[in-house]
Amino acid sequence: GDSVTQMEGPVTLSEEAFLTINCTYTATGYPSLFWYVQYPGEGLQLLLKATKADDKGSNKGFEATYRKETTSFHLEKGSVQVSDSAVYFCALSDPTQKLVFGQGTRLTINP
Amino acid sequence: NAGVTQTPKFQVLKTGQSMTLQCAQDMNHNSMYWYRQDPGMGLRLIYYSASEGTTDKGEVPNGYNVSRLNKREFSLRLESAAPSQTSVYFCASSEWAGRENIQYFGAGTRLSVL
């Protein structure tokens, strides 16, 4: 079945550092791709999305590009802040429109 | 501006006890979902309901039952709780629109089974 693999965490960075969280997927169809973020004590919320190849999703300074040739959707941010500390989940929508999640990457930003 | 509301937020059960987790959404969404979140395993789908009156099994349905009471409410029942069901449970809702299925999540129920 469809699956999503994220880079292992936890990831710890200093404020203003560059962030990359890798995400690759396996899918039989042509999925839409998502990044969700979970702040401490809260549920998941959509961070950004892309529905077709070469689309770039962006929000709050984060970006990710749908790369069909490498089956990837890596999350990037040029300058992270302490408030970006959270758990990040990559996900795809499978042919029945259910979401398949990666295992999550915990990000901690130190001042 | 409630979105998806889950109750309770925390619960401790003894092995063999039963309980129902409640979920309600006010966005008029057709689809609702129950997930469990365990360390290092992401979110796994327990059950989902594509529309009022329908429910289907997800990846890990054993030990759970669900009821789609109406369009707003989707409950998850543990008939005889086991320690393996210690987890954080999330309810979500969505409305499909073409290739977009954006799910909106509740704040979660943290369940411990002793």
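Residues numbered from 1 in each chain as written. Chains lettered and ligands numbered in written order. Predicted model: local features only at pLDDT ≥ 70, side-chain atom pairs only at ≥ 80, totals over all residues. Heavy atoms only, no water.

A.B. asks: Can you walk me through the pairing of strand β10 (residues 86-93) of chain A in this structure?
C.D. replies: Successive residues of a regular strand alternate their side chains across the two faces of the sheet. Residue and element names in this part refer to chain A. Most of β10 is tucked away, with eight of its eight residues classed as buried. On β10, burial covers both faces: A86, Y88, C90 and L92 on one face and V87, F89, A91 and S93 on the other are all buried. Here strand β5 (residues 33-38) runs beside β10; their pairing, made up of six bridges, is antiparallel. The residue bridging V37 from the neighbouring strand is Y88, located in β10. Note that β10 and strand β11 (residues 99-101) share three bridges and pair antiparallel. (Buried < 20%, exposed > 50% of the residue type's maximum accessible area, 1.4 Å probe, protein only. Helix = DSSP H or I, 4+ residues; strand = E, 2+ residues; numbered from the N terminus. Pairing = 2+ DSSP bridges.)

A.B. asks: Looking at this structure, I do not really get the nonpolar core. What am I missing?
C.D. replies: Ranked by internal contacts, the top residues of the largest apolar core, which has 26 residues, are W35, L47, L48, F73, L75 and Y88 of chain A. Counting residues per element, the ones that place at least two in this core are β3 (19-21), β4 (23-26), β5, β6 (44-50), β8 (62-65), β10 and β12 (105-110) of chain A. Among the elements that take part in this core, β10 of chain A stands out by supplying four residues, more than any other. Setting aside chain neighbours within four positions, we find F73 of chain A in contact with C23, L33, F34, W35, L48, K49, A50, A64, T65, Y66 and C90 of chain A. Counting 20 residues, the second largest nonpolar core, distinct from the first, contains M32, W34, C91 and L111 of chain B. (Core = buried A, V, L, I, M, F, W, Y, C linked by side-chain atoms within 4.5 Å. Contact = heavy atoms within 4.5 Å.)

A.B. asks: When you look at the sheet that holds strand β7 (residues 64-68) of chain B in this model, what are you seeing that I'm missing?
C.D. replies: Residues and elements named next belong to chain B. One open sheet accounts for four strands, arranged β1-β3-β8-β7; its pairing is antiparallel. Of all strands in the sheet, those with a lone pairing partner are β1 (4-7) and β7, marking the two edges. Pairwise comparison of adjacent strand axes, ignoring direction, gives a mean angle of 15 degrees for this sheet. (Axes fitted to C-alpha atoms, helices over the stretch in contact; angles between N-to-C directions.)

A.B. asks: Is there a simple way to explain the interface of chain B and chain A in this structure?
C.D. replies: One frequently used descriptor of interface size is the decrease in accessible area upon assembly of the parts. Residue-level contacts link 20 residues of chain B with 21 residues of chain A. Taken together, both faces of the contact between chain B and chain A bury some 1,700 Å²; the carbon and sulfur share is 56%. Put simply, chain B and chain A have zero salt bridges between them. Scanning the region where chain B abuts chain A turns up three residue pairs in polar contact (both at pLDDT 80 or more). Here the residues of the side of chain B that touches chain A are counted per class, giving 11 nonpolar, seven polar and two charged. (Buried area = accessible area lost by both parts, 1.4 Å probe. Salt bridge = Lys/Arg side-chain N within 4 Å of Asp/Glu carboxyl O. Polar contact = N/O pair within 3.5 Å; in protein donor to acceptor, adjacent residues only side chain to side chain. Nonpolar A, V, L, I, M, F, W, Y, C, P; charged D, E, K, R; others polar.)

A.B. asks: Which parts of the structure should I look at to understand the environment of E100 of chain B?
C.D. replies: If you trace the backbone, E100 of chain B turns up in the loop between β9 (87-94) and β10 (103-105). Among the residues examined, E100 of chain B registers a relative accessible area of 29% and is labelled partly exposed. Along the backbone, E100 of chain B and G42 of chain B are 58 residues apart, and their C-alpha atoms lie at a distance of 21 Å. Once you skip the residues sitting within four places of it in the chain, E100 of chain B turns out to touch K49 and T51 of chain A together with E95 of chain B.

A.B. asks: What is the right way to read unusual backbone geometry from this model?
C.D. replies: Note: most residues except glycine have negative phi, and most peptide bonds are trans. Across the junction of T7 of chain B and P8 of chain B, the peptide omega takes the value -5 degrees, indicating a cis bond. Tracing the backbone through its elements, the reader meets P8 of chain B in the loop between β1 and β2 (10-13). If you check the backbone angles, D54 of chain A has positive phi at about 75 degrees while not being a glycine. Within the element layout of this structure, D54 of chain A appears in the loop between β6 and β7 (56-59).

A.B. asks: Please explain the state of the cysteines as it appears in this structure.
C.D. replies: A covalent bond bridging the sulfur atoms of two cysteines is what the word disulfide describes. Residue and element names in this part refer to chain B. A complete count under the given rule lists two disulfides over all chains for this structure. Each sulfur in the disulfide pair C23 and C91 lies 1.9 Å from the other. Measuring handedness by torsion sign, the sulfur bridge of C23 and C91 sits at about -75 degrees and is left-handed. Here C23, found in strand β3 (residues 19-25), pairs with C91, found in strand β9; they are 68 residues apart in sequence, far enough to count as distant. This pair shows no difference in class: C23 is buried, exactly as C91 is. (Disulfide = S-S within 2.5 Å.)

Geometric values such as these leave the question of function open.
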